[in-house]
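Coordinates in review
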Amino acid sequence: MAGDSETPLLLETVDGVVDFKGSPALRSKSGGWKAAAFIISVEVAERFAYYGITSNLINYLTGPLGQSTVTAAENVNIWSGTASLLPLLGAFLADSFLGRYRTILIASLIYILALSLLTLSATLPSNVDGGQAILFFFSLYLVAFAQGGHKPCVQAFGADQFDINHPGERKSRSSFFNWWYFTFTAGVLVTVSILNYIQDNVGWVLGFGIPCIGMLIALSLFLLGTWTYRFNIPQDQQRGPFSRIGRVFFVALTNFQEPPPPSLPHQPSQQFSFLNKALIASDGSKGKGKACSVSEVEEAKAILRLLPIWATSLIFAIVFSQSSTFFIKQGVTLDRKILPGFYVPPASLQSFISLSIVLFIPVYDRIIVPIARTFTGKPSGITMLQRIGTGMLFSIISMVIAAFVEMKRLKVARDHGLIDMPNVTIPMSIWWLIPQYVLFGVSDVFTMVGLQEFFYDQVPDELRSVGLSLYLSIFGVGSFLSSFLISAIQKGTSKDGSEGWFASNLNHAHLDYFYALLAVLSVVELSAFWFFSKSYVYKRTRT
């Protein structure tokens, strides 16, 4: 009798997905945490490789490549920005042609090639007809191209393993974003605490080679998990996913500047009703555009609703980029000695961001969310936008503390007569920088994870890779804005013989002013974010 009652559950299939053979996916044999574990493994390796480069890149540029601090910071921001914008292309290709699984495979192979070339560049002698620099930057941007296909697809593919319309799996998917960030942050923690030490004290060849080996192992694990994965069935197969995505963005872009009629926030059916008119205006029979279905117009509405949230997160992205640039250069000037003959690599302080994330995510997921759930009745405890805004508040506090710590560092340098001695260690412990790193980590738990879930959950099912690429593009545009802001400030403050806020001699610089400026801009951003969040209408899910 027991066996008969369990049989229907064992044979239950999941709507809208198939297994690797193309057959209806059984809930008992596919998806869930067992499939997500394989996918998470390749993400951990990819983040290990990516942060193995970006976390210490400014020291490689100012060291072996001999660039100035300002030039190196700008190059780091430009590369980070490019790497964060390329997922828009990768997601488009994945959702249009290749699918997420194939895109992950191709991107992983390109990643391995790029890391191999990067390791090769580190073996070449410096300044030989510029050959080393050319190969290095080619390899560096090939890494950016590879992660552009990898990053939006892996997380979306992992979240796809949970059925949002199943009560148990819906809760698991909400936790998935927390534990996803937890696991890859643990990988980053290893990167910045061990790999950065290897790069600074053993050599860059081994420092770039280890991530390459890690990607090979992770790709093998990802392939082993193929039999457990769920693969989405496109809902518009008869017309092709490319034409569907193209029409959705056509409607969104061509009608973006047309003001919508007045509507109440609680009436989503009336919001963006000007797009419904576009459905008629874009009738293919009139030769004026592409023909769109009602569902495609609704998808365009969903994308447009994300734009204010996207725009009001950019300052957070600018603040985020400082941890891998100026924070590290500050650490170089401070007392880094722990034991006789052992000095903390400045880039390794980023491990405190990772450590605070690793420690705080279980607290958030297992304590804060259940408590909040009892008051709000929401499966996630608080809304995604409330979570994002809370993180923005912590980032403001981090910038304020960073400004005060830098003021103290400059005072100590002045008091000891070290203003004109940039290569002499300032008698101030590097541990003074820890609070701003820790607050960055707490901020990430709220805002970064919140943005990931928000841009995955609030886009149409067909465009979830695109949704996550939109989240990543926040940090791409933020990195470019950071580079532009640094360049503009340096140009404006270095007139009349002054060295400016970002002088190569940090004892002559004014990073404290810069951090204070970012704190003020973040307050403005949080106010704008709160304004748009109040009127945001969440996408409805089937129950």
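In this text, all values refer to a predicted model and were calculated from it rather than measured experimentally.

1. Some words on the environment of Tyr 141
- Here Tyr 141 shows up in helix α7 (residues 131–159).
- Linking Tyr 141 and Ala 83, residues 58 residues apart in sequence, is a C-alpha distance of 7.7 Å.
- Discounting residues that sit within four places of it in the chain, Tyr 141 has contacts with Ile 78, Trp 79 and Thr 82.

2. A word on empty space enclosed by the protein
- Tallied over the entire structure, the rule returns two cavities of 30 Å³ or more.
- In this structure, the largest cavity occupies an estimated 540 Å³ of space.
- Counting only elements with at least two residues in the lining of the largest cavity, the list comes to α2 (32–54), α4 (69–85), α7, α8 (167–201), α15 (351–376), α17 (434–457) and α18 (464–493).
- Its boundaries defined by the atoms lining it, the second largest cavity holds a volume of some 70 Å³.
- Contributions of two or more residues to the lining of the second largest cavity are made by α8, α15, α16 (384–415) and α17.

3. Some remarks on the packing of aromatic side chains
- Taken as a whole and judged by the stated rule, the model has 39 aromatic pairs.
- Connected via pairs of aromatic rings, a cluster forms that spans Phe 327, Tyr 437, Phe 440, Phe 502, Phe 514 and Tyr 515.

4. Focus on α2
- Compared with the 33 Å implied by 1.5 Å per residue over 23 residues, the 32 Å span of α2 between its first and last C-alpha is a close match.
- Counting buried residues along α2, 18 of its 23 residues qualify, which places the element largely inside the surrounding structure.

5. Quick notes on the pattern of salt bridges
- This model, assessed by the stated rule, comprises seven salt bridges.
- Its salt-bridge partner being Lys 151, residue Glu 43 comes within 2.6 Å of it at the nearest N-O pair. On the criterion of sequence distance, the pair formed by Glu 43 in helix α2 and Lys 151 in helix α7 is long-range, its members being 108 residues apart.
- Among the residues examined, Lys 151 registers a relative accessible area of 4% and is labelled buried.

6. Some points on the environment of Gly 478
- With respect to the helices, strands and loops of the structure, Gly 478 is situated in helix α18.
- For Gly 478 and Phe 320, which are 158 residues apart along the polypeptide, the C-alpha to C-alpha distance reads 8.5 Å.
- Filtering out sequence-adjacent residues up to four positions away, Gly 478 remains in contact with Leu 314, Ala 317 and Ile 318.

7. A look at the pairing of strand β1 (residues 13–18)
- Pairing between β1 and strand β2 (residues 24–26): two bridges, direction antiparallel. In the strand pairing of β2, Val 18 is matched with Pro 24.
- With antiparallel pairing between neighbouring strands as the criterion, β1 and β2 make up a hairpin whose turn holds five residues, including Gly 22 at a positive phi of roughly 90 degrees.
- Here two bridges tie β1 to strand β3 (residues 231–232), and the two strands are oriented antiparallel to one another. Within the sheet, the bridge partner assigned to Val 18 lies in β3 and is Phe 231.

Calculation criteria
Residues numbered from 1 in each chain as written. Predicted model: local features only at pLDDT ≥ 70, side-chain atom pairs only at ≥ 80, totals over all residues. Heavy atoms only, no water. Helix = DSSP H or I, 4+ residues; strand = E, 2+ residues; numbered from the N terminus. Contact = heavy atoms within 4.5 Å. 1 Å grid on protein atoms, 1.4 Å probe; cavity = no way out; pocket = protein on both sides within 12 Å on 5 of 7 lines; lining within 4 Å. Points joined across faces, edges and corners; volume = space filled by probe spheres on them. Phe/Tyr/Trp six-rings, centres within 6.5 Å; stacked < 30°, edge-to-face > 60°. Expected span 1.5 Å × (residues − 1). Buried < 20%, exposed > 50% of the residue type's maximum accessible area, 1.4 Å probe, protein only. Salt bridge = Lys/Arg side-chain N within 4 Å of Asp/Glu carboxyl O. Pairing = 2+ DSSP bridges.

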